[in-house]
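# Commentary on secondary and tertiary structure
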Amino acid sequence: MSIRLQIAAMLFLMIQAVLFFTGLLLVLLTPLSREALELMPWVVGGTIFVSLPLSWWLAPRLRARTWRRHGTLEVLK
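All of the points below concern the structure found in this document. (Residues numbered from 1 in each chain as written. Predicted model: local features only at pLDDT ≥ 70, side-chain atom pairs only at ≥ 80, totals over all residues. Heavy atoms only, no water.)

On the secondary structure map, Phe20 appears in helix α1 (residues 3–28). Spatially, the C-alpha atom of Phe20 lies 6.8 Å from that of Val43, the residues being 23 residues apart in sequence. (Helix = DSSP H or I, 4+ residues; strand = E, 2+ residues; numbered from the N terminus.)

And the structure:
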């Protein structure tokens, strides 16, 4: 298992939690709460769909070797 995959897996859990909580609040605190039972599977699926590529994109940026080689501002470009 590659280091990038390991970092991405840990990031995925955190990103998924934050996005799910945001989606949950969006559904429950708006007039959409009447359809909450129908919308919750969509919230879960949508957050998974967004969390996977986002965690894969962020994983290399969390490696110390990358920061030492390229500097702090170059990695974020």
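This is not the end of the story, as more comes after the structure.
This brings us to the side chain of Ser55. Within the fold, Ser55 resides in helix α2 (residues 36–58). Assessed through its relative accessible area of 2%, Ser55 is described here as buried. What Ser55 contacts, discounting residues up to four positions off in sequence, is Ala8, Leu11, Phe12 and Ile15. (Buried < 20%, exposed > 50% of the residue type's maximum accessible area, 1.4 Å probe, protein only. Contact = heavy atoms within 4.5 Å.)

Note on placement: Leu54 falls in helix α2. On the basis of relative accessibility, which here comes to 32%, the residue Leu54 falls in the partly exposed class. Spatially, the C-alpha atoms of Leu54 and Ala8 are 8.7 Å apart, while their sequence positions differ by 46 residues.

Geometry only, nothing functional implied.
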